[in-house]
Amino acid sequence: MTKKEQMSLEREAFVNENGIIVLDNVSKVYSAGAPALNEVSITIGRGEFVFIVGDSGSGKSTLIKLLLRELKASSGSVTVLGYDMGKLTHRNVPKFRRRIGVVFQDFRLLSDRDVYANVAFAQRVIGVPEEEIKVNVPAILKTMGLAGKYKAKTNQLSGGEQQRVALARALVNRPEILLADEPTGNLDPRNSWEIMALLEEINQQGTTVVVVTHNKEIVNSMCKRVITMNRGVVVSDEEGGFYNEEN
Amino acid sequence: MKKIKLFLHVIGQGFANVFRNKWYSLASVATISLCLFVFGACYAIVANVQNMVMTAEEGVSLTVFFHSEGDMCETHEEGQVPDEQWVVEFQKEINARPEVLSSDFISDDQAWEEFGKNYFGDDFEDYAVAFPENPLEGDNSYEIFVKEVELQTQVVEWLNTHKEVRKVNYSEVTVDTLSGFNKLLVGGSVAFILILFAVSLFLIGNTVATGISMRSEEINIMKYIGATDFYVRSPFLMEGVLIGLVGAGLSMGLIYGLYGFVLSYVVERFEILSNFLNFLTVNEVFKVLLPGSLIMGMGIGFIGSFIATRKHLRV
Ligand SMILES: Nc1ncnc2c1ncn2[C@@H]1O[C@H](COP(=O)(O)OP(=O)(O)OP(=O)(O)O)[C@@H](O)[C@H]1O
Ligand SMILES: [Mg+2]
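First things first, this report covers the structure right here in the doc. Because the structure is predicted, anything quoted here is derived from the model rather than measured. (Residues numbered from 1 in each chain as written. Chains lettered and ligands numbered in written order. Predicted model: local features only at pLDDT ≥ 70, side-chain atom pairs only at ≥ 80, totals over all residues. Heavy atoms only, no water.)

A few points about empty space enclosed by the protein
- Under the criterion given, the structure shown has one cavity of 30 Å³ or more.
- By volume, the largest cavity amounts to about 150 Å³.
- Val 102, Arg 169 and Ala 170 of chain A together with Tyr 224 and Ile 225 of chain B are the residues nearest the centre of the largest cavity, which is lined by 15 residues in total.
- Elements supplying a minimum of two residues to the lining of the largest cavity: strand 6 (100–104) and helix 6 (159–171) of chain A together with helix 8 (216–225) of chain B.
- The biggest single contributor to the lining of the largest cavity is strand 6 of chain A, with four residues.
- Its residues assigned to classes, the lining of the largest cavity shows nine nonpolar, two polar and four charged. (1 Å grid on protein atoms, 1.4 Å probe; cavity = no way out; pocket = protein on both sides within 12 Å on 5 of 7 lines; lining within 4 Å. Points joined across faces, edges and corners; volume = space filled by probe spheres on them. Helix = DSSP H or I, 4+ residues; strand = E, 2+ residues; numbered from the N terminus. Nonpolar A, V, L, I, M, F, W, Y, C, P; charged D, E, K, R; others polar.)

Brief notes about the packing of helix 1 (residues 2–20) of chain B against helix 9 (residues 229–269) of chain B
Residue and element names in this part refer to chain B.
- With their axes 8 Å apart at the nearest point, helix 1 and helix 9 run at an angle of 55° to one another. Judged by the angle between their axes, helix 1 and helix 9 are oblique. You can see that helix 1 and helix 9 cross each other, and the crossing is right-handed. Side by side, helix 1 and helix 9 meet where Leu 6, His 9, Val 10, Ile 11, Gln 13, Gly 14, Phe 15, Asn 17 and Val 18 of the first sit next to Phe 230, Tyr 231, Ser 234, Pro 235, Phe 236, Met 238, Glu 239, Leu 242 and Ile 243 of the second.
- Looking at the contact of helix 1 with helix 9 residue by residue, the classes come out as twelve nonpolar, five polar and one charged. (Axes fitted to C-alpha atoms, helices over the stretch in contact; angles between N-to-C directions. Parallel < 35°, antiparallel > 145°, perpendicular 65-115°, else oblique. Left-handed = near helix turned anticlockwise from the far one by under 90°. Contact = heavy atoms within 4.5 Å.)

Focus: the site of ligand 1
Residues and elements named next belong to chain A.
- Taken together, the residues surrounding ligand 1 are Tyr 30, Ala 36, Asp 55, Ser 56, Gly 57, Ser 58, Gly 59, Lys 60, Ser 61, Thr 62, Glu 182 and His 214.
- Within the backbone of Gly 57, one N or O atom sits 2.8 Å away from an oxygen atom of ligand 1.
- In the environment of ligand 1, an oxygen atom lies 2.8 Å from a nitrogen or oxygen atom belonging to the side chain of Ser 61.
- Bound to the protein, ligand 1 loses 57% of the 630 Å² it would expose on its own.
- Residue composition of the shell around ligand 1, grouped by class: two nonpolar, seven polar and three charged. (Near = heavy atom within 4 Å. Polar contact = N/O pair within 3.5 Å; in protein donor to acceptor, adjacent residues only side chain to side chain. Areas by Shrake-Rupley, 256 points an atom, 1.4 Å probe, with all protein chains shown as cover.)

Quick look at the interface of chain A and chain B
- Listed per partner, the contact involves 23 residues of chain A and 15 residues of chain B.
- Between chain A and chain B the total buried area reaches about 1700 Å² when both faces are included, carbon and sulfur atoms providing 57% of it.
- Run the count over chain A and chain B and you get one salt bridge.
- Between Glu 218 of chain B and Arg 113 of chain A there is a salt bridge; the shortest N-O distance is 2.8 Å.
- Where chain A touches chain B, the interface holds five residue pairs in polar contact (both at pLDDT 80 or more).
- Those elements giving two or more residues to the side of chain A that touches chain B turn out to be helix 3 (93–97), strand 6 and helix 4 (115–125) of chain A.
- Counting residues per element, the side of chain A that touches chain B draws most heavily on helix 4 of chain A, at four residues.
- The residue makeup of the side of chain A that touches chain B, split by class, is twelve nonpolar, three polar and eight charged. (Buried area = accessible area lost by both parts, 1.4 Å probe. Salt bridge = Lys/Arg side-chain N within 4 Å of Asp/Glu carboxyl O.)

Some words on the sheet that holds strand 5 (residues 83–84) of chain A
Residue and element names in this part refer to chain A.
- Here four strands make up an open sheet; going across it, the order is 2-1-4-5 and the pairing antiparallel. The open sheet has two edge strands with one neighbour each: strand 2 (37–44) and strand 5.
- Those strands touched by helix 2 (residues 60–67) are strand 1 (21–28), strand 2 and strand 4 (75–80), and its axis lies near 120° from that of strand 1. (Pairing = 2+ DSSP bridges.)

Some thoughts on helix 5 (residues 130–143) of chain A
Residues and elements named next belong to chain A.
- Here helix 5 spans 20 Å end to end across 14 residues, near enough to the 20 Å set by a 1.5 Å rise per residue.
- Every buried residue of helix 5 is accounted for by Ile 133, Val 137, Pro 138, Ile 140 and Leu 141. What you see down the axis of helix 5 is that its buried residues fit within an arc of 165°, all on one side. Structural note: helix 5 exposes Glu 131, Val 135 and Lys 142 on the side pointing more than 90 degrees away from its buried face. (Expected span 1.5 Å × (residues − 1). Buried < 20%, exposed > 50% of the residue type's maximum accessible area, 1.4 Å probe, protein only. Arc of directions from axis to C-beta.)

Regarding the environment of Glu 99 of chain B
Residue and element names in this part refer to chain B.
- Along the chain, the position of Glu 99 falls in the loop between helix 3 (84–96) and strand 2 (100–106).
- With 51 residues separating them in the primary sequence, Glu 99 and Glu 150 have C-alpha atoms 9.5 Å apart.
- The residues contacting Glu 99, other than those within four sequence positions of it, are Val 146, Lys 147, Leu 151, Gln 154 and Val 155.
- Within polar-contact distance, the side chain of Glu 99 engages the side chain of Arg 97 at 3.1 Å.
- Among the polar contacts made by the side chain of Glu 99, one reaches the side chain of Gln 154 at a distance of 3.1 Å.

Let's talk about the sheet that holds strand 1 (residues 61–66) of chain B
All names here are of chain B.
- Read from one edge of the open sheet, four strands run 2-3-1-4, paired in antiparallel fashion. The open sheet has two edge strands, strand 2 and strand 4 (165–169), and neither has a second partner. Across the sheet, the mean angle separating the axes of adjacent strands is 20° when strand polarity is ignored.
- Each of strand 1, strand 2 and strand 3 (141–146) touches helix 3; the most contacted strand, strand 2, lies at about 160° to it.
- Helix 6 (residues 152–160) contacts strand 1, strand 3 and strand 4 of the sheet and is inclined by roughly 5° relative to strand 1.

Describing the pattern of salt bridges
Residues and elements named next belong to chain A.
- Evaluated as defined, the whole model comprises 18 salt bridges over all chains.
- A salt bridge links Arg 108 to Asp 106, with the nearest nitrogen and oxygen atoms 3.0 Å apart.
- Here Arg 108 falls in the partly exposed class, since its relative accessible area comes to 28%.
- Residue classification places Asp 106 among the partly exposed positions, given a relative accessible area of 43%.
- The network of salt bridges with shared partners includes Glu 12, Arg 46, Arg 99 and Glu 176.

Listed below in structure tokens is the structure:
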């Protein structure tokens, strides 16, 4: 057994034992001011669906960035997919990120390209052969309800459609974790519900889903685990929880 | 297979970058061209002058003549006319000088024949009939080859300290002027080329940086998806290298065209020159210049874009 294989097994063992996302006493201090995250400990198991809610500035996006290794924690340990984010070398970041999908409030699509190209882009970046791309991209677009829109330029799509393209791009490489930072922030209720339904479907197929949102109605009716944050601290973490404004 | 695909991607994206960013690329190509054009022109001139100096140096010799009884025009003091033994010994002394490469004895008959050939050409045989006696009778000499032109004067001075020496023939004007000219040209052009190098580096860096900022959104997405540093960076490096190559190609094309033109002009205009100065052919010049310029063009392009990606592409 090579060293690589062994390390991969060790990570797998860690995930099974502790969870796919493990934050232990994590603080994040930006250059000035109060910490954005203050001694946060969260454990998320493989296959969970978790909402993260909280006021503006409570540290939700900071948390997502730590999970992507876009930022490093000031103290404490962040372990994702068994990778210790503090020890993950710059060289190994791409390999790690290929196992995670991410979507944002502002979609972040390439507006000069069509729907197909935007999704195929994700596969080309990681070197998937063109024959496979030709199969994978239409399949995921169909799942996202975009079967008739391959050729549309993304800036000619509605917000809901754009977010579905972004979701297709995040999912086409079959990530084990999907991170969504306010995916419905720019959408009307109808489109918001559609996106949430898709996220739930993805979760049911085995992907761990973490959703940051302000959408109270959806959180309260979906009956999922809800982590509530306030000023960098986790104030509640409940299975089948609610979005409580008092926090 | 995957490697080939990645390579094609890098080249394709490199070209795409160049065209996406037309005006900046054009400005960069132009400065690199100018830079390498000046370099190439200087090289062509220096190489030619160098060649002339070398041919001239090969032929740099001085001839030393001795007093002889056959010389009717002069009266000689006691001991001024050397005997044969002395002349033979003197060659050993000459050869022992550190400046001297070699020396040849030229007998009076040889000298006459050479002289005649130079003056009368192929008809010499006809004229020679008019001189049954060698007019240069007794005018034996040594042709001395020195190691470097600069050492010539020293040898001349040394030779002149001997009373048996009648005269020393030598020429130094052309060689000295040529080497002096070369030094001046190299000094001046190196400074100019360095400045142009810096400007090209700066412009290429800026071109690539502009490309990076134009595509920052895409780069960001690539990073989230898990693109490697190499995948993100190499198209920009390729862009720089391509710009450098195109610039080098343009300047070389220009020099190739101009060289023949200028050469024929010079030869035509200064016909006298071309008799004793031989110029290098375009191909001789390009044997070194072409690969040199292409490598320098690529080098400048690579370094410029490397600095830009280092600075603006924190992956
Ligand atoms: N790059 C940064 N530099 C300095 N401070 C930052 C930076 N990013 C965020 N912060 C600060 O950290 C705190 C948490 O920000 P964060 O973006 O994580 O909040 P959030 O919960 O995502 O808010 P929102 O709901 O408005 O998106 C805020 O006080 C914010 O001002
Ligand atoms: Mg946020």
